[in-house]
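The chain contents come next:
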There are 2 protein chains.
Amino acid sequence: MDYSSVMSVACPAHIFNDWFSCPGVISMVNAGAMSGSGNLMDFLDEPFPDVGTYEDFHTIDWLREKSRDTDRHRKITSKSKESIWEFIKSLLDAWSGWVVMLLIGLLAGTLAGVIDLAVDWMTDLKEGVCLSAFWYSHEQCCWTSNETTFEDRDKCPLWQKWSELLVNQSEGASAYILNYLMYILWALLFAFLAVSLVRVFAPYACGSGIPEIKTILSGFIIRGYLGKWTLLIKTVTLVLVVSSGLSLGKEGPLVHVACCCGNFFSSLFSKYSKNEGKRREVLSAAAAAGVSVAFGAPIGGVLFSLEEVSYYFPLKTLWRSFFAALVAAFTLRSINPFGNSRLVLFYVEYHTPWYMAELFPFILLGVFGGLWGTLFIRCNIAWCRRRKTTRLGKYPVLEVIVVTAITAIIAYPNPYTRQSTSELISELFNDCGALESSQLCDYINDPNMTRPVDDIPDRPAGVGVYTAMWQLALALIFKIVVTIFTFGMKIPSGLFIPSMAVGAIAGRMVGIGVEQLAYHHHDWIIFRNWCRPGADCVTPGLYAMVGAAACLGGVTRMTVSLVVIMFELTGGLEYIVPLMAAAVTSKWVADAFGKEGIYEAHIHLNGYPFLDVKDEFTHRTLATDVMRPRRGEPPLSVLTQDSMTVEDVETLIKETDYNGFPVVVSRDSERLIGFAQRRELILAIKNARQRQEGIVSNSIMYFTEEPPELPANSPHPLKLRRILNLSPFTVTDHTPMETVVDIFRKLGLRQCLVTRSGRLLGIITKKDVLRHMAQMANQDPESIMFN
Amino acid sequence: MDYSSVMSVACPAHIFNDWFSCPGVISMVNAGAMSGSGNLMDFLDEPFPDVGTYEDFHTIDWLREKSRDTDRHRKITSKSKESIWEFIKSLLDAWSGWVVMLLIGLLAGTLAGVIDLAVDWMTDLKEGVCLSAFWYSHEQCCWTSNETTFEDRDKCPLWQKWSELLVNQSEGASAYILNYLMYILWALLFAFLAVSLVRVFAPYACGSGIPEIKTILSGFIIRGYLGKWTLLIKTVTLVLVVSSGLSLGKEGPLVHVACCCGNFFSSLFSKYSKNEGKRREVLSAAAAAGVSVAFGAPIGGVLFSLEEVSYYFPLKTLWRSFFAALVAAFTLRSINPFGNSRLVLFYVEYHTPWYMAELFPFILLGVFGGLWGTLFIRCNIAWCRRRKTTRLGKYPVLEVIVVTAITAIIAYPNPYTRQSTSELISELFNDCGALESSQLCDYINDPNMTRPVDDIPDRPAGVGVYTAMWQLALALIFKIVVTIFTFGMKIPSGLFIPSMAVGAIAGRMVGIGVEQLAYHHHDWIIFRNWCRPGADCVTPGLYAMVGAAACLGGVTRMTVSLVVIMFELTGGLEYIVPLMAAAVTSKWVADAFGKEGIYEAHIHLNGYPFLDVKDEFTHRTLATDVMRPRRGEPPLSVLTQDSMTVEDVETLIKETDYNGFPVVVSRDSERLIGFAQRRELILAIKNARQRQEGIVSNSIMYFTEEPPELPANSPHPLKLRRILNLSPFTVTDHTPMETVVDIFRKLGLRQCLVTRSGRLLGIITKKDVLRHMAQMANQDPESIMFN
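To keep things clear, this report deals only with the structure shown in the data block. (Residues numbered from 1 in each chain as written. Chains lettered and ligands numbered in written order. Predicted model: local features only at pLDDT ≥ 70, side-chain atom pairs only at ≥ 80, totals over all residues.)

Some thoughts on the packing of helix H19 (residues 421–429) of chain A against helix H21 (residues 496–520) of chain A
To describe two helices that pack against each other, one gives the angle between their axes and the distance between the axes. Residue and element names in this part refer to chain A. Their axes nearest at 9 Å, the elements H19 and H21 cross at an angle of 30°. Compared by their axis directions, H19 and H21 come out roughly parallel. Viewed along their axes, H19 and H21 form a crossing whose handedness is left-handed. Contact residues: H19 offers Thr421, Ser422, Leu424, Ile425, Leu428 and Phe429, while H21 offers Ile497, Pro498, Met500, Ala501, Ala504, Ile505 and Arg508. Taken together, the residues that form the contact of H19 with H21 break down as ten nonpolar, two polar and one charged. (Axes fitted to C-alpha atoms, helices over the stretch in contact; angles between N-to-C directions. Helix = DSSP H or I, 4+ residues; strand = E, 2+ residues; numbered from the N terminus. Parallel < 35°, antiparallel > 145°, perpendicular 65-115°, else oblique. Left-handed = near helix turned anticlockwise from the far one by under 90°. Contact = placed C-beta atoms within 7 Å. Nonpolar A, V, L, I, M, F, W, Y, C, P; charged D, E, K, R; others polar.)

Now the structure itself:
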């Protein structure tokens, strides 16, 4: 077969030539729907042992999975009337979905809490240690201390910096250098441990995991990606890398962790473990739970799962996702890792409304977010491609060590990069209250004014604010550069937090700028209407939040879920408009430079077979342009319904590696009657040769109801109707590809046969569709493959 | 044709025999994709004038609409490169979606605000009038008054009850009776005006509109249902009926009003007005805006649209719906109809957490909600069926007058039914603060205690609370009975508010009960752990809210959107768990008695052709069991590709009323080559007879590329390939119906051809699918029709 060899060159053929059974026949075989036609020669009474499983790196057939689940459900329902025990079993089965959601929520929430606590402790470990108990973080250590005055909250005798502990010095150059060195050493140690653990135990634990989860949810099989080892190693190494101070976040990987939990619990219930379609419903809900604990936003999590990662999202899943997300959020809150009854460090409440004129800087921040998104995606993809194609990729451990060292060396001197990124974001989001001691809140107060707790009027900036401004500027440049090199290394790394940090820094700077402008120029027309002297008009923290949303939107191209997550962080409907303005602007600006978000870009880079629901196919090609065999290629490998011998079929199976073969009436008429799967053909022939008498190499195989008329002395024929899928999916050769793509997407097909007036002309697989779409988008069609 | 007559008996045939074009060919005709094959005989160069429109009560073909939009888009994109003007036009086209959303949000928000203000005024008009300006409501009237002491807020000299105004008496039996009479008179006047306006100007303005909108969004055409008259009359009559004091709400009809706005604005842009599929995207977003202003819940609105009303909801629509919902909410807030910067009257903030032990009463409320839902749906449907089938339905005006009179007579004596239902719900949701003067907050205070504003400990109930309890019990019974008879009358009527009122009354009563129990029995085991003396443990208002959610859930079977709407009303994540527990319980209890929510029940009652996404089809039938012709029926009416004369076809068209005909190679082989639409056949033949020479009754019509070989003296043949849809959708006769249903749902087909080995066997229309599903669910299959 010539064109099969073309395909084999293009990609490992066993992966993609997934011509598999269309829906229907399997379910009917299992359910015995056709048992009326059973006769002596029809020996395949028991179902094959492996029917319904897929090989690694194969695509699932959604319709088939769905119909298998319906069969299972039908069987349970009919059995439940037989006895009370069966009835209880059917009830348990009906409830198992909710039980799985509960378990996922509990485990995901617990893991998130443990990760938060561990990160808190280990981040502080880089600076010092608690004398009363070494497993206390700085804050916990000082809680137990007797120092209760507010200013000294951070300074308590029980917490010792490394310089104090080792050389008994807390100030001075040598103490600084010692602390600096300890900081770098710990960072290197954490990073080295993390990358080694990932390399040795679970290579799939690296990255954010969201591109792969999107691919898996769209129906691809990657065994072990959501396994127990991945779960364990990803949780541990996530703590290590976040603590090491690298420019990455735990939010994306938490989605992966939650999906691993989902996969684990679904393997406990046969309803989910044996059905790849149902399993994906659980995984969608688990992704929602992951975002829910990452941002403390259950509704945002559900919408994220719906908008960003899920492929097949029935309403039932919506409801269950919501349940899982809520359970996870409440579990995390009862662990209370931040000691403030909040799920995240950067929850805020603002007291001042925003004004229409502020929309202009908000939209500017949106433009910045879009530009940052484009820059980040282009540079990061270029760097990752370099890593894949050059020798750089051969030294992942060294790469991590070098990046960690550079990050630590540059980060330490600047207080805004030394602290953990979550803390930085939290500080930037914060509104300057009266009790705030942060450098960012160092304003010059009017001595005549009594200080109310909230609603402080705009004040001129003090020295601290100006210092903070240039430190923030340096931090911004540093974060932008280092994040590009960090995301994609062989360690768990999310980019929600670094993106938000970039936006928050830029936003806070713009916010302080607008605030000071408004304070010093009350009389300008743009300020006159809304900003009188003595009024609190500008909240720089809100600008930071808007900037964070814009940058996150630019990188990920999230829309509704982004705004809802941010809404859940602020808790007020009030600020949705600024957030939305920034998110929309950022998406438009970024889309103008390229439609792909970072996750889609990584999916393409890795060549996963992902058929995006969002891409619109607008070309005018027809099915006949895409189907194989192409013009000039040898004809399709087909089976005939009653004229091929066992040996013919065995040869065909040996010579090709397709996953299935169309069955036609005869080679002349080429009228399609069904589709037979490679796997089942092999099993059926093997079984027949072993267990059925008279089956030899030149026995005729037939797929019809009645055996063909054969000469008297010919050997016993072999009936294979049971393995024939009588309802393969077909389209005519004139069908526009637009419709074909729609059908593949919405029905989750693996392949589709092409006919004209009932005559079989060719076949289109999901791979062919993806390749054609790449070709139409002027991309290299051969880039669409898993590698 | 025998079986066509069967169908005609079953239902008005022109409505349902919608065998229409499959996707593809129309678009190709329009775009001239096949112009390469154009020759002299191929005269149909310009597109038909009416192509792309559907008749009233027909089903649209989603795939076809989608491909038409893609063509339009393609054309604009390619034109935009030609000139700067075309480029601007293409930009405007791209932006028109957002503009439509903005306009919908503005208009829906404004209308909601106007309705709120008008209802406020007219409800108070039943009790009295403002002397300073008759168009002031009671509250507005007293704002301008000088009485500023808190207790006298409601009593100001400018506001005069009718008795004061007419006979100068404010107290005493005769004043009471006069006020009572005026109350009834106004109510009757409002109701009579409303029902007359609906009958005369816009019969479609009655009901809540949600069942019809669900049907329309699923792809059905009901002309005028979303028209300008409906919009105007529904808005006006909505104010009248709500003010008349009937047991109905404005929330459901607001969705209809918003959809009318959506329809109006989409008719201004050809992108939406000429494409029924695109128009439905706008309508989905408009529904979200409607709920957004009805409940002040933009996110809840989007989820409601997604979960409850929409059929085709691409992610782009999600984002735009969100935008429309936000604009609507902000427009309403800037109108500020309630004078409190809130979007709804019943926004609440609670100060006390809930305790685990309270889950038990919450779940009980869930059970109550489920039972109420079942009772309401059964009784209301039975009553509506009675109205449809008996003489009762002939006197809609009388019915409305009688129900209004009874409602007004019974409602007036009880303060909880006299006030408007929104105010009642608001009062029931409220937490009893220190300043609350309501009867429901008449607790016995500890004289030794200073009164803090919040966090008042549990207190023993005073006389007012006990009075309130029995008044609430009476109100509960009254609301339950009267709502059953009100919903479905020929006036605009929503049931969100009455359902919530039933639940809120029940909930508040349970809440007060639990509160008093906990106060008097601190020592019981169940209370001991969480409710010490002097603590504020039970918030009866929260019980009211949980009850409202449970009852609303029982009636509508909403889940996520219900919880999110309630969450947006309380503003705290805290109370999601009680709400969710009640919503889940209520749904399970109600589902145990019948799967249908009130909207689905009304859809069935009215026989709309609605293929629900939520129903699961689990039967084992095959396509061959459903397709027509059935066994024993005459064969399918088909066209042959090159052997029928113009006269044959004209006869066929005259004798049948199908919307289209399959085209086969010949009657012997029956190999399918395409599908031709009735409408286009008629147009093509008419055009050819007028404009093409030599076309006579016995001209051969052919659908092939080349004309057939004809005897020398035969008349000029007529080429009709252009109107042939070369890619009709086919399945094999062995395809399980489960898969067929899935295909119809997901691809939005109108019909599907059934083949075996390329031979045409029959056809399945959406109507056949619906009829089969009804049959399988043991319902009367003929009930599935529009009547």
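The discussion continues.
Some thoughts on the relation of the copies chain A and chain B
At an RMSD of 0.1 Å, chain A and chain B line up after a rotation of 180° and a shift of 0.0 Å along the axis. Taken together, the turn and the small shift mark the pair as related by a two-fold rotation axis. Of every C-alpha in chain A, the one belonging to Gly758 of chain A sits nearest the axis of rotation, 1.7 Å from it. An overlap of 100% is found between the interface residues of chain A and their copies at the interface of chain B, pointing to a shared contact surface. (Least-squares fit on C-alpha atoms with pLDDT ≥ 70 in both.)

Thoughts on the pairing of strand E6 (residues 672–677) of chain B
Residues and elements named next belong to chain B. E6 sits mainly inside the fold: six of its six residues count as buried. When E6 meets strand E9 (residues 724–725), the two strands line up antiparallel, connected through two bridges. Its bridge partner lying in E9, Ala676 is registered against Leu724. (Buried ≥ 20, exposed ≤ 12 C-beta atoms within 10 Å, placed from the backbone. Pairing = 2+ DSSP bridges.)

Observations regarding the sheet that holds strand E5 (residues 660–664) of chain A
Residues and elements named next belong to chain A. Spatial ordering of the open sheet is given by E3-E5-E6-E9, a layout of four strands whose pairing is mixed. Strand pairing shows two members of the sheet lacking a second neighbour, strand E3 (639–640) and strand E9 (724–725), which therefore form its edges. Bridge count for E5 against strand E6 (residues 672–677) is five bridges, and the pairing is antiparallel. Paired with Val664 across the bridge in E6 is Leu672. Against the sheet, helix H29 (residues 678–691) engages E5 and E6, with an angle of about 75° to E6.

Some details on the environment of Phe496 of chain B
Residue and element names in this part refer to chain B. Secondary-structure assignment places Phe496 in helix H21 (residues 496–520). Along the chain, Phe496 and Gly128 lie 368 residues apart, while their C-alpha atoms are 28 Å from each other. Every residue in contact with Phe496, bar those within four places of it in the chain, is listed here: Gly249, Glu251, Gly252 and Leu552.

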